[in-house]
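# Summary of structural features
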Amino acid sequence: MELILPDKKRSVAEDLRRALGQKVKDDFPTRTAYAVDASIYKIVPQVIVLAESEADIQTTVEYAVRNGIPLTPRAAGTNLTGSAIGSGIILDISRLNRILELNREEKWARVQPGIVYAELNKRLAPAGLLFGPDPSSGDICKLGGMLANNSAGPHTLRYGSVKDNVLALKVLVESHGWLEARSYSLADPRLEGVLATHPALREIMGLVREHAELIRAKRPTVSKNSCGYNLFGLADGLERAVFDLPKLFVGSEGTLGIISEATLRLVDRPNVSATVLIHFRYLEDVGEAVVHLLTLAPSALEMMDSNTLDLIGRNQHGIPADAAATLLAEFDSHQENGDSAKAQAARATALCRKYRLSADPVVAFEQEQRDRLWQARKALYPTLYRYDLRKKPINYVDDVVVRAEQLSELIRYLEEFFKGQRVPVAIFGHIGNGNAHIVPLLDVNDPNDFARMVEGYRDIHQTVLSRFGGSICGEHGDGRVRAEFVRRMFGEELYGLFVRVKQSLDPRGVLNPGVKISDTPFTQHIDYTRLSKACATCGKCNSVCPVYDVFQSEDMSSRGWFEIVTSKDYSYLNSKRVVEACLNCKSCRTICPADVDVSDLILKRRAEHPNRMAGIIFALHARPWVFEPLLKIAARTQPLWDRPRPRAWLEWLTRPLMQRIADTARLPREMILPRLATRHLRDRYPELTTNGRMEKKPGTAYFHGCAANYFDDGVGDAVIAVLRRQGIEPALPPQRCSGTPIQTYGHLKLVMEGARYNLSSLDPYDTVVTGCASCTLMLKDYPRLFEAGPEREAAERLARRVKHISEVAAESKRATTHEGVAPRATYKVTYHSSCHLRAAGVTEAPRQVLAGLPDVEYVEMQDADRCAGGAGTYILKDYDTALKVFERKQRAIEASGAEVVATSCPACMIQLNNGLRGKVRVKHIAELVRESYETANESKVDRPSSKS
Ligand SMILES: Cc1cc2nc3c(=O)[nH]c(=O)nc-3n(C[C@H](O)[C@H](O)[C@H](O)COP(=O)(O)OP(=O)(O)OC[C@H]3O[C@@H](n4cnc5c(N)ncnc54)[C@H](O)[C@@H]3O)c2cc1C
Ligand code: SF4
Ligand code: SF4
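Note that the coordinates shown come from a computational prediction; the quantities given were computed from them, not determined experimentally. (Residues numbered from 1 in each chain as written. Chains lettered and ligands numbered in written order. Predicted model: local features only at pLDDT ≥ 70, side-chain atom pairs only at ≥ 80, totals over all residues. Heavy atoms only, no water.)

### Here we look at the overall build of the protein
What counts is decided by this rule: A helix here means a DSSP run of H or I that spans at least four residues, while a strand means a run of E at least two residues long, and both kinds are numbered starting from the N terminus. Both definitions apply: the radius of gyration is a C-alpha atom measure, and the globule rule equals 2.2 Å times residues to the power 0.38. Buried, partly exposed and exposed residues are distinguished by accessible area as a fraction of the type maximum, computed with a 1.4 Å probe on protein chains only: under 20%, between the cut-offs, and over 50%, respectively. Contacts are assigned to residue pairs that have any heavy atoms within 4.5 Å of one another. What sets the accessible areas is the Shrake-Rupley method with a 1.4 Å probe; for residues, cover comes only from the shown protein chains. Residues scored as charged are limited to Lys and Arg (positive) and Asp and Glu (negative), so that His and the chain ends carry no count. Think of each charge as sitting on NZ of Lys, CZ of Arg, CG of Asp or CD of Glu.
Helix and strand counts for the protein come out as 43 helices and 27 strands. Here the C-alpha atoms of the protein give a radius of gyration of 30 Å, agreeing with the 30 Å that 2.2 N^0.38 yields for 948 residues. Counting only C-alpha atoms and orienting by the principal axes, one finds that the protein spans roughly 90 × 70 × 60 Å. A buried classification covers 62% of the 948 residues belonging to the protein. Residue pairs at least 24 apart in sequence account for 75% of intrachain contacts in the protein once pairs closer than 6 positions are excluded. For the protein, the computed accessible surface area is about 36,500 Å², with 50% contributed by carbon and sulfur atoms. Positive and negative charge centroids in the protein, built from 126 and 116 side chains respectively, lie 4 Å apart.

### A look at the site of ligand 2
The condition that has to hold: A molecule or strand has a residue near it when one of that residue's heavy atoms lies within 4 Å. Basically, the charged four are Asp, Glu, Lys and Arg, the nonpolar ten are Ala, Val, Leu, Ile, Met, Phe, Trp, Tyr, Cys and Pro, and anything else, Gly included, counts as polar.
As a matter of local geometry, ligand 2 sits amid 13 residues, with Cys-535, Ala-536, Cys-538, Cys-541 and Cys-592 nearest to it. Looking at the shell around ligand 2, its residues break down into 9 nonpolar, 2 polar and 2 charged.

### Section: the site of ligand 3
Cys-545, Cys-582, Cys-585, Lys-586 and Cys-588 are the nearest of the 13 residues found near ligand 3. Those elements giving two or more residues to the shell around ligand 3 turn out to be α21 (546-551), α22 (558-565) and α24 (587-591). The class makeup of the residues in the shell around ligand 3 is 8 nonpolar, 4 polar and 1 charged.

### Some points on the side chain of Lys-516
Structurally, the position occupied by Lys-516 is in the loop between α20 (483-505) and α21. Aside from chain neighbours lying at most four places away, what touches Lys-516 is Ser-226, Cys-227, Gly-228, Tyr-229, Gly-251, Ser-252, Glu-253, Thr-255, Asp-478, Gly-479, Ala-483 and Val-486.

### Re the nonpolar core
Applied cut-off: Grouping buried Ala, Val, Leu, Ile, Met, Phe, Trp, Tyr and Cys residues that are joined through side-chain atoms within 4.5 Å yields what is termed a nonpolar core.
In terms of nonpolar packing, the biggest core is built from 184 residues, with Leu-231, Leu-248 and Trp-561 touching the most fellow members. With 10 residues, α20 is the single largest residue contributor to this core. Beyond its immediate stretch of four places on either side in the chain, Leu-231 contacts Val-208, Ile-215, Leu-248, Leu-494, Leu-497, Phe-498 and Val-501.

### A closer look at the confidence of the model for the protein
Predicted coordinates in regions of low pLDDT should not be interpreted in detail. For the record, the criterion: pLDDT is a residue-level measure of predictor confidence that goes from 0 to 100.
Per-residue pLDDT for the protein has a mean of 92; in total, 95% of the residues score no lower than 70. Confidence drops under a pLDDT of 50 for residues 939-948, and excluding neighbours within four residues, the segment shows 21 contacts in the predicted structure.

### As for the sheet that holds strand β11 (residues 258-265)
Keep this limit in mind: A pair of strands is labelled paired if DSSP reports no fewer than 2 bridges between them. Helix axes use the C-alpha atoms of the stretch in contact, all axes being lines fitted to C-alpha atoms, and the angles between their N-to-C directions lie in the range 0 to 180 degrees.
Strand order in the open sheet formed by 6 strands is β5-β6-β11-β8-β9-β10, with antiparallel pairing between adjacent strands. Where the open sheet ends on each side, the last strands, each with one partner, are β5 (99-103) and β10 (242-244). Averaged over all adjacent pairs, the angle separating strand axes in this sheet is 20°, with direction ignored. Pairing analysis gives 3 bridges linking strand β9 (residues 177-185) to β10, with the strands arranged antiparallel. Residue Ser-183 lies in a different strand from β10, and its bridge partner there is Asp-244.

### Examining the environment of Val-12
For Val-12, the position within the fold is in helix α1 (residues 10-20). Taking relative accessible area as the criterion, Val-12 reaches 1% and is therefore assigned buried. Expressed as a C-alpha distance, the spacing of Val-12 and Tyr-413, which sit 401 residues apart in the sequence, is 50 Å.

### Some points on the sheet that holds strand β26 (residues 900-903)
Paired through their backbone hydrogen bonds, the strands of a sheet run either parallel or antiparallel. The sheet built from 4 strands is open, its strands ordered β25-β24-β26-β27 with parallel pairing. With partners counted over all chains shown, the strands left at the sheet margins are β25 (856-858) and β27 (921-924), one partner each. When the angles between neighbouring strand axes are averaged without regard to direction, this sheet yields 35°. Pairing of strand β24 (residues 827-831) with β25, which is carried by 3 bridges, proceeds in the parallel orientation. Pairing of Val-829 across the sheet is with Tyr-858, part of β25.

So this is what it looks like as structure tokens:
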């Protein structure tokens, strides 16, 4: 099916833009970002459509069909097979992400395809319900991709894969428009209407009936299969007098139609789950143990082989040196007390102790501990990217299925095979289903490794079929990688039926050509350049990137930015729009299993074009003898100018200057500004300052940073009070801005100057305490600024001595316990975890401190770890986007029912105060600790007022 592309390539974008407006993009950054998914391939598309409605989908599909342009639907782009990239139009459905209807009693939900899997389950949680199939990529993958791939995951063992949990779909079929694809009884009068509107379906029904025997004979005999079209499901249905249409479209990988809605079957959330981690010394024991463990009805049974454990680092994950394989077994219970999960976990433990184990099994019930046990497994694939600079994990035989009891034999065969090739390989997967993920590490740019890949592809797939009677694809889809082998898996006759199905529903062949039904060799379109880069394109960073959260467009995302700024065609001018959009929140760096720091790459690109206006401001800022008097004048006059009318003038007057910072920058009249201090912190505590001298005096220094010094936000006083209560008299040595905002605008030279000044000023102190998340991170990050040598060493020494005030408080029992204090009425406090403090590795201490305060009921909010959108000066650089980022945080804070939201960063306080507008009080964690001291001391209850 050859597609004819229009002569003038640019006309596609122009045509579509005329119909759909700004939802259509074809600039360099967007096409670059959409050229990849999580597979080994790259194809640059012509144009990207960000659909916001079914009408947008229809307009785009009709245009593609009329003009014979390939069209690839796309959700999160986390597939491992190259099925969400294509040369024509990419139709991204991410913005269609609502739950349209939820029926608790009948346990179903009608959902749009752009919703992220984890988000869907978060929103179903209050109803006590769950969508069962759980791909390990669940934090980022979206329902559309899961449906189209028939995804599955660890808990498929209990809940089935996607195809088992779909009641109906709404699909746009190229040939005859919208289709309500549900399971129709053959006697249902509606079926006739459907078949009349969609004659292709009548044809397919006839085909399946006519070839039912062949289809049954070729059905894979393993527990999972996502290879080919699911004519097996259709044949089963017809036997039960049902035309089970969802079975046809689930797993069809965007080659038969575009899904705009799905009605999902939901299950009750388990009340208690127990996770058991078991390390086996001998692989042969695993196979036998699995057979017994399966009789205990686990909800998940996962395995990692010895090579995998080596590759991800045994020490790092506490895995014994002699473990040949690690199993994770999970048991769910729907009883209140979770008795059955606990009992099954105990039985599993007892059962496994009969085998030769490397350590006693570990059992966990609490979510946090269970997450820890799962951590290595879930981030496994991208973590393998850390292994070698050249040899990368390559997905080309990644998803085979055999019978569960044959998995040990399969692993032995694979280990021998790869040993013969001298190729390191990770083998892991859903052992309960006999589904093994095989990820060899190769340098595909090396001709020898390339030849090994081609040899492995053919030998392993063929062996899985002929020796094990298995399937080449359990859950990841065929995509481009397995398409050439689908024919071999099912034979000519059945493959011929697949082709007829495709031709019936997509006669012009525009839907995702090259995917699933294609003879194109799997080696075509391999992205050799990218496979030598550090990023695994797994998309995990997108799941935390606040910009992606708002725009739902790959060109406005962390993964996309990696592609853009590392592209050989990158220039600041062709990508300024996206390079300037990053908040520098560092969330991507915190989460990336492959150790990539996208924010740092972006900062480097900005440093090539430092912002001149920001440079003038920071140069002024670096001269406190000029800057501070000006700020004090502004503070004294704030009551005059910080009122609606003068603020409107101020916004207008400052606009030309602000626009030199960014097109979107302004001083919004409606923004609640922080109160400027008329006496700066250093003026208020002259006894602690060293009056400009850099004294050699061991002890504790308080690095207050700019905000606590210049704003009247209570943070600096609280930090000093808390330290004093601990018996620490801090010094306030001379200091310059830690550098975070300066770096954000590309002024590396100024950052270095400030860093050198601070290094020298802070060098004499044993401990450097901060109250600001960004200062904490920046001071800890100073070693990144310097080449190896004395300066780097000084920076490393400083990094080891920096502590956030919450860490100091957590270390001291006195901070959080008040012996002899009578219990008081409590108020609810939740915690917004500042991104930079998370990036600095401080996550537990603030929560521990808050939970220990005597008059506080600490409640964890959902999305505590997501950016609030302030990001230092970003709130001024792009106020509208900052507010959009904040919407999610606001929902979470309000849902927590807290009267106070605590944070660890003065900059976040500005954003929280502005966004919440007094509905919930905002406090720095040091202020709460100090208040609790005061109430304990004076035996008076100084409670923050309740939300009215
Ligand atoms: C680290 C990692 C771990 C993974 N673990 C698992 C796992 O445990 N189990 C598993 O099954 N998979 C896993 N995957 C693969 C992948 O994440 C899943 O297949 C996922 O469901 C794909 O969803 P997506 O939103 O990223 O879809 P995309 O990659 O965007 O698209 C996948 C397919 O769906 C089609 N599509 C998307 N939306 C629509 C629509 N509306 N209509 C029609 N077709 C559409 C696309 O054309 C494409 O063919 C993993 C991937 C990674 C990177
Ligand atoms: S930067 Fe890291 S998290 Fe993001 S896509 Fe690349 S490997 Fe995955
Ligand atoms: S720093 Fe934040 S905004 Fe920038 S790419 Fe990373 S996650 Fe996205």
